[in-house]
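Next come the chains, spelled out residue by residue.
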Amino acid sequence: MAGAAAAGASLGFGASAGGLARVAARTAGPPIRGPVIRRGAAGFSQAAHVYNMRFDNVLPTLVARPLDSADVRTAVKWGVAHGVPLRARSGGHSYAGYSTLSGGMVLDLRNLHTISIDPHAGTATIGAGAQLIDVYAALAASGLTIPAGSCPSVGIAGHALGGGMGLAGRRFGLTADNLLSAQIVTADGQLLTVSAHEHPDLYWALRGGGGGNFGVVTRFTFRVHSVPRTVAWFVVRWPASSGADALGAWQTWAPHARNELTSIFHLNGGGFDPVRVTGQYFGPASDLGSLLAPITSVPGAGVSTGNLGFLPAQLMWAGCSSLSLSACHTAGTRPGGTLPRESFQAKSDYVSKPLPSSARNALVDAALARAQLPGSGAILFDSYGGAINDVAPAATAFVHRRVLFCIQYLTYDGGGSWLSATHARMRPYVTGGAYFNYTDPSLPNWQTAYYGSNYPRLESIRRAVDPHHYFNFPQAIGR
Ligand SMILES: Cc1cc2nc3c(=O)[nH]c(=O)nc-3n(C[C@H](O)[C@H](O)[C@H](O)COP(=O)(O)OP(=O)(O)OC[C@H]3O[C@@H](n4cnc5c(N)ncnc54)[C@H](O)[C@@H]3O)c2cc1C
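All values derive from a computational prediction rather than experimental measurement. (Residues numbered from 1 in each chain as written. Predicted model: local features only at pLDDT ≥ 70, side-chain atom pairs only at ≥ 80, totals over all residues.)

1. Details of the domain arrangement of the protein chain
Domain annotation of the protein chain identifies domain 1 (2-108), domain 2 (115-227) and domain 3 (230-452). Among the secondary structure elements, those contributing two or more residues to the side of domain 1 that touches domain 2 are helix 4 (69-81) and strand 3 (86-89). In terms of residue count, helix 4 provides more of the side of domain 1 that touches domain 2 than any other element does, six residues in total. For the side of domain 1 that touches domain 2, the class distribution of residues is six nonpolar, six polar and three charged. (Domains from an automatic or database assignment. Helix = DSSP H or I, 4+ residues; strand = E, 2+ residues; numbered from the N terminus. Nonpolar A, V, L, I, M, F, W, Y, C, P; charged D, E, K, R; others polar.)

Next up, the structure:
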């Protein structure tokens, strides 16, 4: 018995193993048809690693890659029966590394990546392992899209379950806002279809309640939107000395601009372009002269605009303008993928009242200070309003609907003290909310920060659907 426990422990499943047979079954891994890659096997490190290199030392015991929802059910049932902790993985981009764990099983859904369109219903059904650039490409071929973020290799599951904000956000809402139904494997091994009519509580919770809670989603059905043949893009740049004024003009304009226009304000801590706004407009670039006037009137502005086909525009936002579609994936996650992984950490805030000049100057100073440190960083401001704020805070689990914008403080390759100090400095000016998808594992009051007044309902749904709290991670609902 002691030997069995030791064997279990040495496999990395923890010390609760009971009996040799049980350990042997655990050693074999879940009996799925898809591959199971165990620690020590060829290719294990690459299979185990998530996008954020800060978590390269966090290694599961095995990575299981189900082929379909039946395989997902088998893996969940096996994990529950053998007391093996599980983390689902879609694109592996969790800022906090929540799609990996020390010991236990990663359920990597990359093989569930089918994207099918029903043009009559105006819907697309997307496998939970699809990456955003593949979603954009498949839908754009039919002149369609869903709103989502710009990083090409972010997975649809983590993204949609936590919200999903991007440059079509003010036009079409968050990714989660367009979710019509999902299939999810719950801890009792059932495969449930959830929608406004079936398991409506769970349907509510999946729209912003955050990945990793409730179960493993195997596929999503979204409402799709027609896109024009071309969209307009713009970049407005300023010198650092204009940063506080530019932010002042942007914050009173961007959240109230036409819904067709979504923009992001950047203060870069290092590299080129210390201050810039990037944005996308569902209309011709010829409209932009007047639409952008409230920000381009700030002295020092340099403006670039243009029209692009919808998919080329998404490739540009993804940083892939000169790459093929297959190259526009993280190296090692898809054949032909070339994009490097990164080492980073972040915090976020929401702002509901325009920032006074003291706050704006502090942010510009913080970005300049970051530029003096090793590594790099940025402070990004995602404009809300438009379709995002048309949804009531309690209508979905995503509560941040009455804000002007979200601030993201990002640091690469170090800069942790800078991150904490910059975040601390902004306390007087922000709502206290934070965006679950810009996950901050050091946030003390994450329940209220991520979910606000929606937290109690999320907790009770969690208790009903996963009473033994099998799906677990450091910021799991009900923890
Ligand atoms: C470079 C970069 C750019 C980004 N850009 C944006 C952006 O423009 N807009 C924006 O809103 N966000 C953005 N994000 C944040 C992103 O939305 C979140 O990190 C998101 O959670 C990543 O999803 P994923 O599936 O890739 O991650 P994963 O790490 O695979 O999953 C994230 C969480 O969801 C869980 N999960 C994964 N799959 C499932 C499933 N099938 N069922 C249930 N739970 C599951 C995981 O266990 C984990 O807890 C960006 C992130 C990065 C790293």
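Now that the structure has been shown, the text picks up again.
2. Let's talk about helix 12 (residues 310-317)
For helix 12, the complete set of buried residues consists of F310, A313, Q314, L315 and W317. Once helix 12 finishes, G319 follows within two positions and takes phi at roughly 80°, a positive value. (Buried ≥ 20, exposed ≤ 12 C-beta atoms within 10 Å, placed from the backbone.)

3. Looking at the sheet that holds strand 6 (residues 123-127)
If you trace the five strands from one edge of the open sheet to the other, you get 5-6-10-8-9, paired in antiparallel fashion. Only two strands of the sheet have a single partner each, and these edge strands are strand 5 (115-118) and strand 9 (191-195). Looking at each pair of strands side by side, their axes are set apart by 15° on average, direction ignored. Where helix 4 meets the sheet, it contacts strand 8 (179-185), strand 9 and strand 10 (216-223), and its direction lies at approximately 50° from that of strand 8. Strands strand 5 and strand 6 of the sheet are contacted by helix 5 (residues 132-140), whose axis makes an angle of about 35° with strand 5. (Pairing = 2+ DSSP bridges. Axes fitted to C-alpha atoms, helices over the stretch in contact; angles between N-to-C directions. Contact = placed C-beta atoms within 7 Å.)

4. Topic: helix 15 (residues 416-425)
Taken together, the buried positions of helix 15 are W418, L419, T422 and H423. For helix 15, the arc enclosing every buried residue in end-on projection is 125°, short of the 170-degree limit, so these residues lie on one face. In this structure, helix 15 carries G416, S417 and A424 as exposed residues pointing more than 90 degrees from its buried face. Contact partners of the buried residues in helix 15: strand 16 (344-351), helix 13 (357-371), strand 17 (376-383) and strand 18 (405-412). (Arc of directions from axis to C-beta.)

5. Describing the environment of L292
Locating L292 in the fold gives a position in the loop between helix 10 (288-291) and helix 11 (293-296). Assessed through the 22 C-beta atoms surrounding it within 10 Å, L292 is described here as buried. When the C-alpha atoms of L292 and W250 are compared, they prove to be 9.6 Å apart, with 42 residues separating the residues in sequence.

6. Thoughts on the site of the ligand
Taken together, 35 residues are adjacent to the ligand, and G91, G149, G155, G158 and G211 come closest. Among the secondary structure elements, those contributing two or more residues to the shell around the ligand are strand 3, helix 6 (156-162) and strand 10. For the shell around the ligand, the leading source of residues is helix 6, giving five residues. Counting contributing residues, the shell around the ligand receives three or more from each of domain 1 (2-108) and domain 2 (115-227). (Near = placed C-beta within 6 Å.)

7. A closer look at the pairing of strand 3
Successive side chains on a regular strand alternate, one facing one side of the sheet and the next facing the other. Neither face of strand 3 is left uncovered, since the one carrying L86 and A88 and the one carrying R87 and R89 both have all their residues buried. Here strand 3 runs beside strand 4 (residues 105-108); their pairing, made up of four bridges, is parallel. The residue bridging R89 from the neighbouring strand is D108, located in strand 4.

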